[in-house]
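The residues making up each chain are set out below.
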Amino acid sequence: MDVKISVRNLVEFICRSGDISDSSSGTLSKEAMNAGSRIHRKLQKKAGSYYNAEVPLEYAYESGDYRIITSGRADGIIEYEDSVTIDEIKGVYKKLSDITEPIYVHKAQAMCYAYIYSKQNELSKIKVQMTYVNLDSEEVKYFEEVFSFEYLEKWYLELMSEIIKWVSYAVEHGTARNDSIKQLEFPFEYRKGQKDMVACVYKAIEGNNHLFVQAPTGIGKTMGAIYPAIKSFEMLDATKIFYLTAKTIAHTAPAAAIDLLRDKGLDFQSVTITAKEKICPLDEMDCNKDVCPYADGHYDRINEALYDLITHEKKIDRDVITKYSGKHRVCPFELCLDAALFADIIICDYNYVFDPRVNLKRFFANEGRNDGNYIFLVDEAHNLVERASSMYSATLIKEDFLDVKRLIKKYSEKTCRSLDKCNRELLQMKKSLDGESYKTMETLGDIHFKLLNLHSALEGFLEEYKSIPERKEVLDFYFKLTSFLNISELIDDSYVIYNELLPDGRFMLKEYCVHPANNLRQCLDKGMATIFFSATILPVKYYMEMLSNSSSDYAIYIPSPFEQSNRRIMIGTDVTTRYKRRNDNEYMRIYSYIKNLIKGKRGNYMVFFPSYRMLSHVYDIASEDLEEEDIYLLTQRQYMNEAEREEFLKEFSNKDNVLAFCIMGGIFSEGIDLTGDRLIGAIIVGPGLPQVCNERRIMMDFFNGRDTKDGFAHAYLYPGINKVFQAAGRVIRTEEDRGLILLLDERFATNEYKRLFPTEWNDYLLVDINTISKGTEDFWKNVES
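Computed from a predicted structure; not experimentally measured.

Colleague: I'd like to hear about empty space enclosed by the protein, residue by residue, with values.
Modeller: Within the structure shown, the criterion is met by 1 cavity of 30 Å³ or more. Empty space within the largest cavity amounts to approximately 110 Å³. Lining the largest cavity are 13 residues; nearest its centre among them are Cys-280, Pro-281, Cys-287, Cys-292 and Cys-331. Of the residues belonging to the lining of the largest cavity, the class tally is 11 nonpolar, no polar and 2 charged.

Next comes the structure, spelled out in structure tokens:
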């Protein structure tokens, strides 16, 4: 069996050693990588005629059933009549005087090339030259060592015996996994619409397509996506599933689905990635060996810990990772990422695939398509539009430059001068606003070059000053700058660059990704297929345009499995939430609707408002009017922590006759299940339009600049109506649920909004303040008769 691995990946896995450092938490800027490439070419060009640059090398090592094929490019091979030297060039920002010997993983890469070349050319000895070059000063430092062929062969064979251990595990697990998949049947009787979803998902994977699935609550969409994806391992040579979610709480459903399939005989390894901040064992995260015992010598112990973990556990979640990281004293987050290499399914947040700052480089670092046949299952895909726009955008704050200057002025005049130059550019932009709150820019202009110089200066500063008390703040700024420069490499016609004077007086420069499809597609192309699914991915053409924008994509609409008679949708036609008409009379009318609805049947209701201000006005009216009633009022507060949210839901679920005041698009309007009598009605106040701000104006202008002139729809209408659908979806979660959905705004009765409704909403009832009570009473009589 052939197994291919690059020399670099081989040595970076087998030969890693030493500590985790705080600077390793960042992402190298593309400019730094480009600088490294330029230095490589410059040194190679200067080396003379005896220097052969970028020489491809490959060697196949056979052991039992395995043939390990290692390949790569030697930076240089220097050939004289009586000697051969393998040259490995490494660009660094640290002072070369601090490098007293080659870093072992770098040296190991050169030794692999030396072994392959000497083996293929029958050399008895060969020289290895490690060339370190400072990317700022271009100063060069060499380390040379001569190896006999016998020594290299012994060393290389030990390397191969170590990698074979890992290869054997992976192959044996893959065989057992696929054998178990052959026998695996769908674990339930198919629900209405579920079999169609399973068939369409499998077909999309088979055709290497992106599929958008409008899958309503109740059809079992999690299993409907996971089961055919698992089947594709055995039948379509899939190698890994990425189950992507917007929130940590959404990890529970796919984990439970895999558990159920394991109970049916599936041999499948899952890894759930927990955010670094949440899984860190320290009270305050600090990736410094002098502070964190897990960082100290982490790479010396990690492979032993990893092998122990993957050979003993199938379900690798937060608790399991914590157990093994404690046992072997390694960083739990890094252990989790390494375990993902061997997982069949990775359950994680969107950002581990899509966000260029934190995506899993071990899977997605290569340009173009990856070697792995990955399947992306994107749950609650309606959330990805705004998340992706944020991931591919970046900001810099002028005041941060001054803050960092104050921190480092006693250490480095050079870095302070670079900060001053950038600050002056930002000050000039601020002055050019001339009374406006924001201004768009064609390009970054001169500041881009000055930011690159500052980044280079900060690289050197952080290498030199590793123990100063101000390091953490400087490092945070450095990472922000790195992100900004990396995003600048992505700018195309889907971006708007603008600067803005923020309400708090700070000045911001932003690279704003208005239309994220181009960037997302670069990630999607590294997998074999992507399934976007949600109960509210409507209007589907909008999500297809914003998330992939490919002519080969297609979508399916799965009708709700629940009877329409189980719920009633009513639209209040004589009430509005338009900003200009918000007043005490309108708030009283909204409350009157709420009161008339809940009078129809005692029970638990949620009211969803577009803002805390409106919520507060109506809540005050309700608390005064219902003071003598047996109705318990709950209200969502701003910035509730996890414990407070859980307490809110506990009170709502355990008490009777609860009227809860919540925020549309907030933490209680999606991702929660309140079945049976725990929720019998939702009142949705307004069409959920996002608050007017400069960024929404920029978005509207961007899409108005196209032939379709649909700026308002993209900036306000579509994001707003999705919040409405999410809130409405809280009411009917099972076949036994019965309930009311009341939409309060006259705009819902217009064609602009009705055309966006799900097909099942075609039985809506128009009501006013005088007929709402009858509509409510009639519904409850019908469902209870």
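Read on, since the account is not over.
Colleague: Requested: an account of helix α18 (residues 471–488), with residues and values cited.
Modeller: Along its 18 residues, α18 runs 25 Å from first to last C-alpha, staying within 8% of the 26 Å computed at 1.5 Å per residue. Here α18 lies mainly inside the structure; 13 of its 18 residues are buried.

Colleague: Please set out unusual backbone geometry residue by residue, giving values where relevant.
Modeller: Between Leu-538 and Pro-539 the backbone carries a cis peptide bond, its omega angle lying at -5°. One can find Pro-539 in the loop between β17 (529–534) and α20 (540–547). In this structure, Arg-329 takes a positive phi of about 55° despite not being glycine. Of note, Arg-329 is situated in the loop between α10 (318–328) and α11 (332–340). The backbone of Asn-549 shows a phi angle near 55°, a positive value even though the residue is not glycine. On the secondary structure map, Asn-549 appears in the loop between α20 and β18 (554–557).

Colleague: Summarise the pairing of strand β20 (residues 605–609); cite the residues concerned and give the values.
Modeller: Extensive coverage of β20 is indicated by the burial of 5 of its 5 residues. Residues of β20 alternate between two faces, with Tyr-605, Val-607 and Phe-609 on one and Met-606 and Phe-608 on the opposite face, all of them buried. Relative to strand β22 (residues 658–663), β20 runs parallel, the two being bridged by 5 bridges. Note on β22: the bridge partner recorded for Met-606 is Ala-660.

Colleague: An account of the pattern of salt bridges is requested, with residue identities and associated values reported.
Modeller: Summed over all chains, the structure comprises 44 salt bridges. Between Glu-464 and Lys-95 there is a salt bridge whose closest N-O contact spans 3.3 Å. You can see Glu-464 sitting in helix α17 (residues 446–464) and its partner Lys-95 sitting in the loop between β4 (84–92) and α3 (104–121), a full 369 residues away along the chain. Measuring nitrogen to oxygen at the nearest pair gives 3.0 Å for the salt bridge that ties Asp-763 to Arg-567. Of this pair, Asp-763 sits in the loop between α26 (751–754) and β25 (765–767) while Arg-567 sits in strand β19 (residues 567–572); the two residues are 196 residues apart in sequence, bridging distant segments of the chain. Take Asp-763: its relative accessible area is 33%, and that puts it in the partly exposed class.

Colleague: How would you explain the sheet that holds strand β21 (residues 632–635) if you had to name every residue and give the values?
Modeller: Across the sheet, which stays open at both edges, the 7 strands sit in the order β21-β22-β20-β23-β24-β19-β25 with parallel pairing between neighbours. Sheet topology places β21 and β25 at the edges, where each strand pairs with a single neighbour. Taking the axes of each pair of neighbouring strands and ignoring which way they run, one obtains an average angle of 20° across the sheet. Alignment of β20 against strand β23 (residues 681–685), held across 4 bridges, turns out to be parallel. Of the residues in β23, the one forming a bridge with Met-606 is Ala-682. In the packing of helix α25 (residues 711–728) onto the sheet, contacts are made with β20, β23 and β24 (739–744), and the angle to β23 comes to roughly 165°. Against the sheet, helix α27 (residues 772–784) engages β19, β20, β24 and β25, with an angle of about 175° to β19.

Colleague: Explain the packing of helix α24 (residues 694–704) against α25 residue by residue, including any values.
Modeller: Packed helices, taken two at a time, are described by the angle between their axes plus the distance between the axes. The N-to-C vectors of α24 and α25 enclose an angle of 130°; their axes lie 5 Å apart at closest approach. Classed by the angle they form, the pair α24 and α25 counts as oblique. Note on element contacts: α25 touches α24 through Gly-711, Phe-712, His-714, Ala-715, Tyr-716 and Pro-719, opposite Arg-696, Arg-697, Met-699, Met-700, Phe-703 and Asn-704.

Colleague: I'd like to hear about the environment of Pro-228, residue by residue, with values.
Modeller: Within the secondary structure, Pro-228 is located in helix α6 (residues 221–236). Separated by 30 residues in the primary sequence, Pro-228 and Val-198 have C-alpha atoms spaced 5.9 Å apart. If near-sequence neighbours (up to four positions away) are discounted, Pro-228 is found in contact with Val-198, Val-201, Tyr-202, Ile-205 and Met-223.

Colleague: How would you sum up the sheet that holds strand β15 (residues 495–501)? Please name residues and give values.
Modeller: Pairing is antiparallel across the open sheet formed by 4 strands, whose spatial order is β13-β16-β15-β14. Of all strands in the sheet, those with a lone pairing partner are β13 (394–397) and β14 (438–441), marking the two edges. The sheet shows a mean angle of 20° between the axes of neighbouring strands, taken without regard to direction. Across the sheet, α24 is in contact with β14, β15 and β16 (507–513); its angle to β15 comes to roughly 150°.

Colleague: Pulling in residues and values, what's your account of the packing of helix α4 (residues 149–182) against α6?
Modeller: Orientation of α4 relative to α6, taken along the N-to-C sense of each, is 115°, at an axis distance of 9 Å. As the angle between them shows, α4 and α6 are arranged roughly perpendicular. The handedness of the crossing between α4 and α6 comes out as left-handed. In this structure, α4 uses Arg-177, Asn-178, Ile-181 and Lys-182 to contact α6, whose residues at the interface are Ile-230, Lys-231, Phe-233 and Glu-234. Across the contact of α4 with α6, the residue classes tally to 3 nonpolar, 1 polar and 4 charged.

Basis of the calculations
- Residues numbered from 1 in each chain as written.
- Predicted model: local features only at pLDDT ≥ 70, side-chain atom pairs only at ≥ 80, totals over all residues.
- Heavy atoms only, no water.
- 1 Å grid on protein atoms, 1.4 Å probe; cavity = no way out; pocket = protein on both sides within 12 Å on 5 of 7 lines; lining within 4 Å.
- Points joined across faces, edges and corners; volume = space filled by probe spheres on them.
- Nonpolar A, V, L, I, M, F, W, Y, C, P; charged D, E, K, R; others polar.
- Helix = DSSP H or I, 4+ residues; strand = E, 2+ residues; numbered from the N terminus.
- Expected span 1.5 Å × (residues − 1).
- Buried < 20%, exposed > 50% of the residue type's maximum accessible area, 1.4 Å probe, protein only.
- Pairing = 2+ DSSP bridges.
- Salt bridge = Lys/Arg side-chain N within 4 Å of Asp/Glu carboxyl O.
- Axes fitted to C-alpha atoms, helices over the stretch in contact; angles between N-to-C directions.
- Contact = heavy atoms within 4.5 Å.
- Parallel < 35°, antiparallel > 145°, perpendicular 65-115°, else oblique.
- Left-handed = near helix turned anticlockwise from the far one by under 90°.

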